[in-house]
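Commentary on secondary and tertiary structure
The chain contents come next:
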Amino acid sequence: MKLALFEDGSAPRPGVVVGDRIIATGIPGGMIDLIARWEDIHEDLRARAASEIGSPLSAVRLLAPVQRPGKIFAIGLNYADHIAESKSEPPKEQVWFTKAITSVNGPYDRVQIPKVSQFIDYEVELVAVIGKRGKHIAREDAASHVFGYCVGNDVTERLWQMRTPQWSLGKSFDTHAPFGPWITTRDEVGDAHALDLRCTVNGEVRQASNTRHLVFDIFAQIEQLSQAMTLEPGDLIFTGTPGGVGAAMTPRQFLKPGDVVRCDIQGLGHIENRFEAED
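Residues numbered from 1 in each chain as written. Predicted model: local features only at pLDDT ≥ 70, side-chain atom pairs only at ≥ 80, totals over all residues. Heavy atoms only, no water.

The subject of this paragraph is the sheet that holds strand E19 (residues 269-277). Sheet architecture is open: five strands sit in the order E9-E19-E18-E15-E16, paired in mixed fashion. What marks the edges here is a single partner per strand, and that holds for strand E9 (111-113) and strand E16 (204-210). Strand-to-strand, the axes of this sheet are offset by a mean angle of 20 degrees, without reference to chain direction. (Pairing = 2+ DSSP bridges. Helix = DSSP H or I, 4+ residues; strand = E, 2+ residues; numbered from the N terminus. Axes fitted to C-alpha atoms, helices over the stretch in contact; angles between N-to-C directions.)

What follows deals with the packing of aromatic side chains. Taken as a whole and assessed by the stated rule, the structure comprises five aromatic pairs. With 5.1 Å between their ring centres and 90 degrees between their planes, Trp38 and Phe147 make a pair best called edge-to-face. Of this pair, Trp38 sits in helix H2 (residues 38-51) while Phe147 sits in strand E12 (residues 146-153), and the two are 109 residues apart along the sequence. Neither Trp38 nor Phe147 differs from the other in exposure class; each is buried. Seen in terms of ring centroids, Phe73 and Trp96 are 6.4 Å apart; in terms of plane orientation they differ by 70 degrees. Their pairing is edge-to-face. Taken together, the residues span a long stretch of sequence, with Phe73 in strand E6 (residues 72-76) and Trp96 in strand E7 (residues 95-98) at a distance of 23 residues. (Phe/Tyr/Trp six-rings, centres within 6.5 Å; stacked < 30°, edge-to-face > 60°. Buried < 20%, exposed > 50% of the residue type's maximum accessible area, 1.4 Å probe, protein only.)

This part covers H2. Its 14 residues place the ends of H2 19 Å apart at the C-alpha level, agreeing with the 20 Å of an ideal helix rising 1.5 Å per residue. Restricting attention to buried positions, one finds in H2 the residues Trp38, Ile41, His42, Leu45 and Ala49. On its buried side, H2 packs onto strand E1 (2-7), strand E2 (13-18), strand E3 (21-24), helix H1 (31-36), E12 and strand E14 (177-185). (Expected span 1.5 Å × (residues − 1). Contact = heavy atoms within 4.5 Å.)

Here we take up the pattern of salt bridges. For the structure shown, the criterion picks out 20 salt bridges. Close ionic contact of Lys71 with Asp235 constitutes a salt bridge, the shortest N to O distance being 2.8 Å. Here Lys71, found in the loop between strand E5 (61-63) and E6, pairs with Asp235, found in the loop between helix H6 (218-228) and strand E17 (236-238); they are 164 residues apart in sequence, far enough to count as distant. Residues Lys71 and Asp235 agree in their burial class; the two are buried. In this structure, Arg110 engages Glu276 in a salt bridge whose closest nitrogen and oxygen atoms are separated by 2.5 Å. Of this pair, Arg110 sits in the loop between strand E8 (104-105) and E9 while Glu276 sits in strand E19; the two residues are 166 residues apart in sequence, bridging distant segments of the chain. Given the relative accessible area of 46%, Arg110 is considered partly exposed. (Salt bridge = Lys/Arg side-chain N within 4 Å of Asp/Glu carboxyl O.)

Here the bond from Gly180 into Pro181 is cis, since omega is -5 degrees, no more than 30 degrees from zero. Mapped onto the secondary structure, Pro181 falls in strand E14. Backbone geometry at Lys87 places phi at a positive 55 degrees, although glycine is not the residue there. Within the fold, Lys87 resides in the loop between helix H3 (80-85) and E7. We classify Lys87 as exposed; its relative accessible area is 78%. With a phi angle near 50 degrees, His136 is a residue other than glycine that sits in the positive phi range. With respect to the helices and strands, His136 occurs in the loop between strand E11 (124-130) and E12.

Let us now look at the pairing of E14. Counting buried positions along E14 yields nine of nine residues, so the element is predominantly enclosed. Direction of pairing for E8 relative to E14: parallel, over a ladder of two bridges. Considered in E14, the bridge of Val104 is made with Ala177. Judged from the four bridges that link them, E12 and E14 form a sheet pairing that is antiparallel. In the sheet register, Gly148 faces E14, and the bridge partner there is Thr185.

Ranked by size, the top nonpolar core spans 37 residues in total, and within it Leu126, Tyr149, Ile218, Ile222, Val261, Leu268 and Phe275 carry the most contacts. Looking at this core, the elements with two or more residues in it are E9, E11, E12, strand E15 (196-201), H6, strand E18 (260-265) and E19. Excluding residues that lie within four positions of it along the chain, Leu268 makes contacts with Leu126, Tyr149, Cys150, Val151, Pro181, Trp182, Thr184, Val189 and Leu195. Counting residues in hydrophobic clusters, the runner-up holds 29 residues, among them Leu34, Trp38, Ile83 and Val127. (Core = buried A, V, L, I, M, F, W, Y, C linked by side-chain atoms within 4.5 Å.)

This part is about the environment of Pro12. In this fold, Pro12 is placed in the loop between E1 and E2. Residues Pro12 and Lys171, spaced 159 residues apart in sequence, show a C-alpha to C-alpha distance of 26 Å. Aside from chain neighbours lying at most four places away, what touches Pro12 is Leu5, Phe6, Glu7, Leu63 and Gln67.

Below is the structure:
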């Protein structure tokens with residue numbers, strides 16, 4: 001099932017995407033509430049999606065599926081080709097950073113190039129959405145804690161990222177975490193470690209890989225994070241980006257106002273964002 005957050009003149013509400021239409025769930029609350037109640041409501045939602053017509057997707061605005069996630073964590077240096085282009089050693093331990101909640105952005109919304117720098121880069125990533133609360137989650141149990149998956153772009157301000165050992169400021173500018181366009185539930189995705197992913201800038205392919213090339217796979221990531229913190233419904237994990245980022249090109253290719261970045265992942269749809277200067 002595909003679940004999106006949308007607005008059509010009324011308050012944002014979750015809906016089920018079926019083909020080119022969206023059917024409101026009728027469930028009170030937001031996406032996190034829906035995820036937390038999933039076991040009790042998913043059969044009714046499937047029946048509703050099969051019986052109602054809903055609205056054309058073209059008539060609504062899709063928002064970030066989870067507008068206020070409790071946590072956003074992202075792993076760095078997690079594809080071999082990206083490690084090589086970054087001139088880094090393969091990490092012996094998982095390298096984690098956070099993205100601020102205010103970086104959340106919609107799948108088709110504008111992304112800001114901030115006033116303080118012009119070194120803005122793209123990073124297509126598979127995003128895992130946590131569905132079940134847990135701590136000290138064993139790797140073999142990690143799949144059951146995933147609700148579903150989205151397409152994400154870990155937009156990065158490279159100057160702020162690299163001028164200190166801590167990356168989070170360079171990863172946390174407002175609007176720099178567009179994701180969506182919906183959450184595809186785990187059962188519909190199948191093997192999340194066999195998905196093609198691609199990023200284009202103004203139609204030019206910059207990144208193209210497959211999630212089978214993750215250095216630390218999704219379940220190892222969940223196992224590691226959950227040793228430190230309780231993972232909760234609606235938490236987001238950006239699972240890493242492959243090679244092809246603008247900072248590694250010769251000459252370096254940073255994003256400028258008017259550039260359009262599209263990120264696609266097999267079976268999950270795409271997001272597409274225009275970059276523009278901050279007011």
